[in-house]
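So the chains spell out like this:
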Amino acid sequence: MQETKVIFFGNEKLATGIPNPQPLIKDAIVKAGFEIEQIITGNLAELKPHDAKLAVLAAYGHIIPQRILDQFPLGIINIHPSLLPQYRGTTPIEQALLDGVEKTGVSIMHLTAGMDEGPLYRQKTLHLGATEQKLDLTTHLHQLGADILQEILPAIASSNLKPHQQPHPARATYTPKLVKSDGIIDLSQPADFIERQIRAFSGWPGSRTTLGSIDVIITKAHVSDTPTDLSLECGDGKFLAIDTLKPAGKKEMPVKAFLAGYKNKL
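The present account deals with the structure reproduced in this document. (Residues numbered from 1 in each chain as written. Predicted model: local features only at pLDDT ≥ 70, side-chain atom pairs only at ≥ 80, totals over all residues. Heavy atoms only, no water.)

## What about the packing of helix α4 (residues 92-99) against helix α6 (residues 191-200)?
Where α4 contacts α6, the two axes come as close as 8 Å, and the packing angle between them is 155°. Judged by the inter-axis angle, α4 sits roughly antiparallel to α6. The crossing of α4 and α6 is right-handed. Contacts between α4 and α6 involve Glu-94, Leu-97, Leu-98 and Asp-99 from the former and Phe-193, Arg-196, Gln-197, Arg-199 and Ala-200 from the latter. Among the residues forming the contact of α4 with α6, the class breakdown is 4 nonpolar, 1 polar and 4 charged. (Axes fitted to C-alpha atoms, helices over the stretch in contact; angles between N-to-C directions. Helix = DSSP H or I, 4+ residues; strand = E, 2+ residues; numbered from the N terminus. Parallel < 35°, antiparallel > 145°, perpendicular 65-115°, else oblique. Left-handed = near helix turned anticlockwise from the far one by under 90°. Contact = heavy atoms within 4.5 Å. Nonpolar A, V, L, I, M, F, W, Y, C, P; charged D, E, K, R; others polar.)

## Some remarks on the sheet that holds strand β3 (residues 55-58)
Taken together, the 6 strands give an open sheet; going across it, the order is β2-β1-β3-β4-β6-β7, and neighbouring strands pair in mixed fashion. Of all strands in the sheet, those bounded by a partner on one side alone are β2 (35-40) and β7 (120-127). Direction aside, the axes of adjacent strands within the sheet are offset by 20° on average. Here strand β4 (residues 76-80) pairs with strand β6 (residues 103-110) via 4 bridges, running antiparallel. Among the inter-strand pairings, His-80 is bridged to a residue of β6, identified as Ser-107. Lying over the sheet, helix α2 (residues 24-31) contacts β1 (5-10), β2, β3 and β4, oriented at roughly 155° with respect to β2. (Pairing = 2+ DSSP bridges.)

## Examining the pattern of salt bridges
Enumeration over the complete set of coordinates arrives at 5 salt bridges. The salt bridge partner of Lys-5 is Asp-51, with a shortest N-O separation of 3.6 Å. Taken together, the positions of Lys-5 in strand β1 and Asp-51 in the loop between β2 and β3 put the pair 46 residues apart, joining distant regions of the chain. The class of Lys-5 is partly exposed, set by a relative accessible area of 25%. With a shortest N-O distance of 3.6 Å, Glu-94 and Lys-134 are connected by a salt bridge. Highlighted residues: Glu-94 in helix α4 and Lys-134 in helix α5 (residues 134-157), separated in sequence by 40 residues. Members of the salt-bridge network, linked through shared partners, are Lys-5, Glu-37 and Asp-51. (Salt bridge = Lys/Arg side-chain N within 4 Å of Asp/Glu carboxyl O. Buried < 20%, exposed > 50% of the residue type's maximum accessible area, 1.4 Å probe, protein only.)

## So, unusual backbone geometry
Put simply, Leu-84 and Pro-85 share a cis peptide bond, and its omega is 15°. Tracing the backbone shows Pro-85 in the loop between β4 and β5 (88-89). Here the amide bond leading from Trp-204 into Pro-205 is cis, since omega sits at 5°, within 30 degrees of zero. Within the fold, Pro-205 resides in the loop between α6 and β9 (207-211). Backbone geometry places Asp-116, a non-glycine residue, at a positive phi of 55°. Note on placement: Asp-116 falls in the loop between β6 and β7. Even without being a glycine, Ser-159 presents a positive backbone phi close to 65°.

## Comments concerning a nonpolar patch on the surface
A cluster of nonpolar residues, Ile-63, Met-115 and Tyr-174, forms a patch on the protein surface that exposes about 290 Å² of accessible area. The residue Ile-63 is located in the loop between β3 and α3 (66-69) in this model. (Patch = residues over 30% accessible without salt bridge, like charges linked within 9 Å, V, L, I, M, F, W, Y side chains within 5 Å. Areas by Shrake-Rupley, 256 points an atom, 1.4 Å probe, with all protein chains shown as cover.)

## A look at the packing of aromatic side chains
Under the counting rule described, the total for this entry stands at 2 aromatic pairs. The interplanar angle of 20° and the centroid separation of 4.9 Å between the aromatic rings of Phe-258 and Tyr-262 together place this pair among those described as stacked. Of the two residues, Phe-258 and Tyr-262 are both situated in helix α7 (residues 255-262); the distance of 4 residues between them amounts to about one turn of the helix. Judged by relative accessible area, Phe-258 falls into the buried class, the value being 0%. Owing to a relative accessible area of 15%, Tyr-262 belongs among the buried residues under this scheme. (Phe/Tyr/Trp six-rings, centres within 6.5 Å; stacked < 30°, edge-to-face > 60°.)

In structure tokens:
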């Protein structure tokens, strides 16, 4: 007999970093035929007595203790934006972009007490084109995760779909938490890496540097073999050609507008 109630742990804004995200995970649960008994967005103390046997979690932000896991006979389902066991941890999207990998994806897993170590129900691959910005990739993976969840949730709830162990767990990789200082551009790095960093850190923490006396966040750039109107020489001798940037306290602007207003300060 299929369960009809699901408790949802998490916050889709926290899960995605998108300022006003569509409630895709919540909607997927409802479209799959379930009643959401409770939405938990804060402290686990908010979890009141319930009769749900199944829960869904998306970037709750904390390790779920065993005492909570034990409350759900059918388990807690977690949506993670990577092809586990690659990129366990809190920043799988940023790290995939930083590393310049050709593919990433979404993993739907049975949550365990270990960091993203749970067995897998389903994975789906997304091929990358070396131009994705973090927000666009996050949005795509958010939708992909919701689509998979809607498809498989009834089978999980009726115990017709069992998870399998993650492949090659000894090869697991882990992603670090980001802090604001991670966004400071290091021009001793190769230009290709810095261009990927700009895409990976778009939004937050942002990719920061100083041009003359002006603090800026570079929001879009490309690699060039020769100098351009506004470019920075990098550690490999190539140039980071700036396309758009955001001076401190100002809106994002194209490089021509920036030069028109700030050239005398460079």
